[in-house]
Amino acid sequence: MVNVPLAMRFACIILLWLLNFVAVSQTYQQIKNRFDNYLNYHAGLNSRVQIETNKIIFYNEQKQIVFIILKDDWQKMAVLLKTLPQDSLEKIFRNEATLSNYKTPSINPAKKSLSELKIMIDPGHIAGNISMARIEQKYLHFTKQNYPALKQDSIDIAEGVLTFQTASVLKKMLEEKGITVALTRQENGTSFGCSYDEWLKTNKEKKIKPHTTVSNGKFFMPFFKDYELQQRAKVINDFKPDMTIIIHYNVDEKNIDWKKPSNKDFCVTFIPGCLTADNIKTVQGQLNLLRLLLTDDLDESEKISSLVVNQLSKQLNIPIAKKQDATYLSEHCMSASTEGVYSRNLALCRTVQSPLVYGECLYQDSENECYALTQNTETAYGIKTNKRVMLAAQSFYNAIINFYSK
Ligand SMILES: [Zn+2]
């Protein structure tokens, strides 16, 4: 009679030990999976980061250890990565402070209601008209000469106009659900809170001096794009969003010159990943990698991106891009485990500190899209736009609501 409870107790201990083992090994497996299948592009991080079952080690370029995080601290560090200010995180990473210097903030495990959510929407690029779109090289101009089937003399499309209309409609739709929403820029504006022309007037000379290679006006836009993207990431991170929605409209990469339409049309989404040693030269870069390893930002990004790409395909009635459909997908991306979602080393994917979807809604230069994108027959919330933009906004909206209702 005495042996039965003892046997049961023993069985319980074994079971608990097994559960513990499963939990720990799952966590290690998750981190290892993120590293191997999403982040470590062409094994370029192998000499700089080592993932072991009981610790993660970061090395500098001289192969010296710069930071170790033990398994017991993974959970706490994950929470701190999402809550501490950047300078405190840098102190931890530089070993100037230990984790015990910081209390783990209590995070309410209950799911947030829609009215508690903050979503940042980034309408890609700047242009609010064709002349700005020409400056930033994000425009299409088709004429009857190159495209005889055209129903009008010419077609002009500015990507920045499409992204801003999509973002504006989506913002209103989400706000009706009680969600707090912000945009990274205003119409025909940069994330510096002014237009490109206004920014040039006051900043060009000051900012351009250390960049002598870009003093020629022709090279200024590429410099500005990189510079402005850093500000965009700052605007997003300062807002501390629960999720970031980055909206773009694609073109067929093989349709070079983009003087006439392509017969292709795809939707696709990007998430963080595909990092190289160059991306983790700074402490900031290393902390971004650690966040992507230890938190569920990557998993959540994949989840929302999968919902978005499936909605885009369904609403717009276009196929989801497969790896072989574009060179940048087959050569510069890692396929996530879900269709139409790819890890890609884009500046915002690296630097935005929240789950994100970087959505490329459709091909603007598709013969099925180019004309439809110029027909502004729709008005929603006072915003005049076309049917395709409305369907794209609806796709993001459906995906977001679906994401938070599960
Ligand atoms: Zn774009």
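I will try to describe carefully the structure that is included in this document.

With their axes 9 Å apart at the nearest point, helix H5 (residues 159-175) and helix H12 (residues 387-405) run at an angle of 45° to one another. Judged by the angle between their axes, H5 and H12 are oblique. The way H5 lies across H12 gives a crossing that is right-handed. On H12, the residues touching Leu162, Gln165, Thr166, Val169, Leu170, Met173 and Leu174 of H5 are Val389, Met390, Ala392, Ala393, Gln394, Phe396, Tyr397 and Ile400. Grouping the amino acids of the contact of H5 with H12 by side-chain chemistry returns 12 nonpolar, three polar and no charged.

Bringing the coordination of the zinc ion into the picture now. For a metal bound by four donors in tetrahedral geometry, the ideal donor-metal-donor angle is 109.5 degrees, whereas six donors in octahedral geometry ideally sit at 90 or 180 degrees. Coordination sphere of the zinc ion, protein contribution only: His125 (NE2), Glu159 (OE) and His248 (ND1), at 2.1 to 2.2 Å. All donors of the zinc ion belong to a single chain; written as a sequence motif, their spacing is H-x33-E-x88-H. With histidine 125 in the loop between strand S4 (118-123) and helix H4 (130-135) and histidine 248 in strand S8 (residues 243-250), this residue pair connects regions lying 123 residues apart in the sequence.

Located in the positive-phi region is glutamine 137, a residue other than glycine, with phi close to 60°. Residue placement: glutamine 137 occurs in the loop between H4 and strand S5 (139-143). The exposed category is assigned to glutamine 137, whose relative accessible area is 57%.

Attention now moves to the sheet that holds strand S9 (residues 268-271). Ordered in space as S7-S4-S8-S12-S9-S11-S10, the seven strands form an open sheet in which the pairing is mixed. Pairing within the sheet leaves two strands with one partner each, and these edge strands are strand S7 (180-183) and strand S10 (333-335). This sheet shows a mean twist of 30° between the axes of neighbouring strands, independent of strand direction. Examined bridge by bridge, S4 and S7 share four bridges and lie parallel to one another.

Attention now goes to the environment of threonine 327. Tracing the chain through its elements places threonine 327 in helix H10 (residues 327-332). Assessed through its relative accessible area of 27%, threonine 327 is described here as partly exposed. Each C-alpha atom, one on threonine 327 and one on glutamate 253, is 8.1 Å from the other, the two residues being 74 residues apart in sequence.

The subject of this paragraph is empty space enclosed by the protein. Applying the stated rule across the entire model yields one cavity of 30 Å³ or more. Space inside the largest cavity adds up to approximately 30 Å³. Asp252, Glu253, Lys254, Lys264, Asp325, Ala326 and Tyr363 together form the lining of the largest cavity.

About the cut-offs
- Residues numbered from 1 in each chain as written.
- Predicted model: local features only at pLDDT ≥ 70, side-chain atom pairs only at ≥ 80, totals over all residues.
- Heavy atoms only, no water.
- Axes fitted to C-alpha atoms, helices over the stretch in contact; angles between N-to-C directions.
- Helix = DSSP H or I, 4+ residues; strand = E, 2+ residues; numbered from the N terminus.
- Parallel < 35°, antiparallel > 145°, perpendicular 65-115°, else oblique.
- Left-handed = near helix turned anticlockwise from the far one by under 90°.
- Contact = heavy atoms within 4.5 Å.
- Nonpolar A, V, L, I, M, F, W, Y, C, P; charged D, E, K, R; others polar.
- Donors = N, O, S within 2.8 Å, 3.2 Å for Na, K, Ca; no water.
- Buried < 20%, exposed > 50% of the residue type's maximum accessible area, 1.4 Å probe, protein only.
- Pairing = 2+ DSSP bridges.
- 1 Å grid on protein atoms, 1.4 Å probe; cavity = no way out; pocket = protein on both sides within 12 Å on 5 of 7 lines; lining within 4 Å.
- Points joined across faces, edges and corners; volume = space filled by probe spheres on them.

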